[in-house]
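Single-letter residue listing:
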Amino acid sequence: IIMGGSKKQKIITMSSTEAEIVGVDDFAGHILWTNYFMEAQGFKRKETIIYQDNQRAILLEKNGRESSGKRTRHMNIKYFFIKDRVDKGEITIKFCPTEEMVADHFTKPLQG
């Protein structure tokens, strides 16, 4: 299953790293619900992968507050829900360079 989406975030973020983490946190619930639903229908899932192009966000998603620096120290613990899911093996975070991030083209405004 391939999922994707784009919507305006409900909060103002201080950096692109924070914006990436908030976006993944918002989407993680949908991903997990879909996984549980598909398993209930008898389908087996192999791996749930979220591709990120922000290496600092990946570090925070994998290590949580231990990786926080001056610019991310203020972030609410709510946004480290994703770390718990990574630790449990329910979600895998992988780096994908921006040039190869196909979904990014659908979330950016067209230049006119």
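Residues numbered from 1 in each chain as written. Predicted model: local features only at pLDDT ≥ 70, side-chain atom pairs only at ≥ 80, totals over all residues. Heavy atoms only, no water.

Now for the packing of aromatic side chains. On inspection of all chains with the given rule, the structure shows one aromatic pair. With centroids separated by 5.2 Å and ring planes inclined at 10°, the aromatic side chains of Trp33 and Phe37 adopt a geometry described as stacked. Highlighted residues: Trp33 and Phe37, both in helix α1 (residues 16-40), separated by four residues, approximately one helical turn. Judged by its relative accessible area of 37%, Phe37 is partly exposed. (Phe/Tyr/Trp six-rings, centres within 6.5 Å; stacked < 30°, edge-to-face > 60°. Helix = DSSP H or I, 4+ residues; strand = E, 2+ residues; numbered from the N terminus. Buried < 20%, exposed > 50% of the residue type's maximum accessible area, 1.4 Å probe, protein only.)

To characterise two packed helices, one gives the angle between the axes of the helices and the distance between these axes. It is at 8 Å that the axes of α1 and helix α2 (residues 55-63) come closest, and there the two elements cross at 50°. One finds that α1 runs oblique with respect to α2. Like other packed secondary-structure pairs, α1 and α2 cross with a definite hand, here right-handed. Listed contacts from α2 to Thr17, Glu20, Ile21 and Val24 of α1 are Arg56, Ala57, Leu60 and Glu61. For the contact of α1 with α2, a count of residues per class yields four nonpolar, one polar and three charged. (Axes fitted to C-alpha atoms, helices over the stretch in contact; angles between N-to-C directions. Parallel < 35°, antiparallel > 145°, perpendicular 65-115°, else oblique. Left-handed = near helix turned anticlockwise from the far one by under 90°. Contact = heavy atoms within 4.5 Å. Nonpolar A, V, L, I, M, F, W, Y, C, P; charged D, E, K, R; others polar.)

Tracing the backbone shows Asn35 in helix α1. Overall, the relative accessible area of 12% leaves Asn35 in the buried class. Considered as a pair, Asn35 and Arg45 are ten residues apart in the sequence and their alpha carbons are 7.3 Å apart. Discounting chain neighbours no more than four positions away, the residues touching Asn35 are Arg45, Thr48 and Glu90.

Let's shift gears to the nonpolar core. Within the largest apolar cluster, ten residues are counted, these being Val24, Ala28, Ile31, Leu32, Ile50, Ile58, Ile82, Val86, Ile91 and Ile93. Only α1 and α3 (81-87) provide two or more residues apiece to this core. Looking at this core element by element, the count peaks at four residues for α1. Discounting residues that sit within four places of it in the chain, Val24 has contacts with Ile50, Gln52, Glu61 and Ile82. (Core = buried A, V, L, I, M, F, W, Y, C linked by side-chain atoms within 4.5 Å.)

Once that is clear, we can look at α1. A rise of 1.5 Å per residue sets the reference length of α1, with its 25 residues, at 36 Å; its end C-alpha atoms lie 36 Å apart and thus fit the reference within 8%. Within α1, the axis deviates most sharply at Phe27, by approximately 30°. Taken residue by residue, α1 has Thr17, Glu18, Ile21, Val22, Val24, Asp25, Ala28, Ile31, Leu32, Thr34 and Asn35 as its buried positions. On the buried face of α1, the contacting elements are β1 (49-52), α2 and α3. In the stretch just after α1, Gly42 is the one whose phi turns positive, near 100°. (Expected span 1.5 Å × (residues − 1). Bend = angle between axes of the 7 residues up to and from the residue.)

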